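What follows is the residue order along each chain.
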Amino acid sequence: MPVAGAARAALLAAAAGAVVGAVHIGPAATWLPGARGALWPGLDGRGDPSHVALTFDDGPDPVSTPRFLHALDALSVRATFFVLGHRLERHPALGRLIASEGHELAVHGWRHDRPWWPQPLRDARDVARTADLVAEAAGRRPLWYRPAYGILTGGRWNAARAAGLRTVLWSAWGRDWTAGATATSVHAEVTRTLRGGGTVLLHDSDVVSAPGAWQAALGALPGLVTECRRRGLRVGTLADHGLAARTPLIE
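These numbers come from a predicted model, not from an experiment. (Residues numbered from 1 in each chain as written. Predicted model: local features only at pLDDT ≥ 70, side-chain atom pairs only at ≥ 80, totals over all residues. Heavy atoms only, no water.)

Some remarks on the overall build of the protein
Helix and strand content of the protein: 9 helices and 8 strands. A burial count over the protein gives 50% of its 251 residues as buried. A separation threshold of at least 6 residues defines the contact pool for the protein, and within that pool the share at least 24 residues apart is 78%. Total accessible area on the protein is roughly 11,300 Å²; 60% of this is exposed by carbon and sulfur atoms. (Helix = DSSP H or I, 4+ residues; strand = E, 2+ residues; numbered from the N terminus. Buried < 20%, exposed > 50% of the residue type's maximum accessible area, 1.4 Å probe, protein only. Contact = heavy atoms within 4.5 Å. Areas by Shrake-Rupley, 256 points an atom, 1.4 Å probe, with all protein chains shown as cover.)

Dropping the structure here:
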């Protein structure tokens, strides 16, 4: 191949690679809370202004999840649990228990990994098989998807759409995954940005967090629910949050 032709081919290959990379990682800009809240409020979990959606990631865990179920029952609150497929496969009875107590099961992917490289076929497979396990445990198809680390790539977004799931991230979190988290710090961090219509992210498992970090979220729960009620806000699941399921969020 002549030198000019080789250079042209190299440029075309580089351009194609750049396009693939942009399609893959472009949606990850939605991780930025400011941009997400302003441009994609549905993805931010903005719903009924008189309601707060309470969500938990990374379970189910046989040590910690039952304690959250007990605490939520004592508070008369139902929540949405974004579960990992490989955890639910290992603890299906716990998934059934979550659903039987009136909580909502949703999809957090198969494993809690970072999407450094485009793997659309694996994304589609992992989201679909997690959704199937959730449907088996809950007795109905799930409505929601939240990608691991909140990183929404092109492949993950398409996988969720193919599975009939709506992607929802969060508008307030407790930073409860860190070793230094306490019930007080989690409460302060959530209430710092919490507004009516918001979606709160906490964790009912330390499978990808600092060991024992879930205790900070558990300890903060009563105070958070009390604060929401003091503001006149109901606390519940994403299904009760006024978000339309199975609709595209980014066009």
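Right, picking up where we left off after that structure.
Observations regarding the pattern of salt bridges
One pass over the full model with this rule turns up 15 salt bridges. D44 is the partner of R46 in a salt bridge, and the nearest nitrogen-oxygen pair spans 2.8 Å. Its relative accessible area of 34% is what places R46 among the partly exposed residues. Residue classification places D44 among the buried residues on the basis of a relative accessible area of 2%. Linking R122 and D126 is a salt bridge whose minimum nitrogen-to-oxygen distance equals 3.9 Å. On the criterion of helical spacing, the pair formed by R122 and D126 is a turn pair, its members being 4 residues apart in helix α6 (residues 120-138). (Salt bridge = Lys/Arg side-chain N within 4 Å of Asp/Glu carboxyl O.)

Notes on the confidence of the model for the protein
Any region with low pLDDT has predicted coordinates that should not be read closely. Chain-level statistics for the protein give a pLDDT mean of 85 and a share of 78% at 70 or above. The model gives residues 6-29 a pLDDT under 50, and that stretch makes 19 contacts with residues more than four places away or in other chains. (pLDDT = per-residue confidence, 0-100.)

Quick look at unusual backbone geometry
A cis geometry characterises the amide bond from G59 onward to P60, with omega recorded as 0°. Its identity as a non-glycine residue notwithstanding, Y149 has a phi of 65°, on the positive side. Secondary-structure assignment places Y149 in the loop between β4 (144-145) and α7 (154-162).

As for the nonpolar core
Judged by nonpolar contacts, the single largest core of 43 residues is most densely connected at L54, F56, F81, L202 and L221. Considering each element in turn, this core owes the most residues, 9 residues, to helix α9 (residues 214-230). For F81, the residues in contact, after removing those within four places along its chain, are F56, T65, L69, L72, I98, H103, E104, L105, A106 and D204. (Core = buried A, V, L, I, M, F, W, Y, C linked by side-chain atoms within 4.5 Å.)

Here we look at the side chain of T237
Structurally, the position occupied by T237 is in the segment after β8 (234-236). Relative accessible area serves as the criterion here: at 5%, T237 is assigned to the buried category. Leave out the neighbours within four places in its chain, and T237 touches H51, A53, R78, A79, T80 and E104.

Focus on the packing of aromatic side chains
One pass over the full model with this rule turns up 5 aromatic pairs. On the basis of an interplanar angle of 65° and a centroid distance of 5.3 Å, the ring pair of F56 and F68 is categorised as edge-to-face. Linking F56 in strand β1 (residues 51-59) with F68 in helix α3 (residues 65-75), this pair joins segments that are 12 residues apart in sequence. Pair check on accessibility: F56 and F68 agree, each one buried. (Phe/Tyr/Trp six-rings, centres within 6.5 Å; stacked < 30°, edge-to-face > 60°.)

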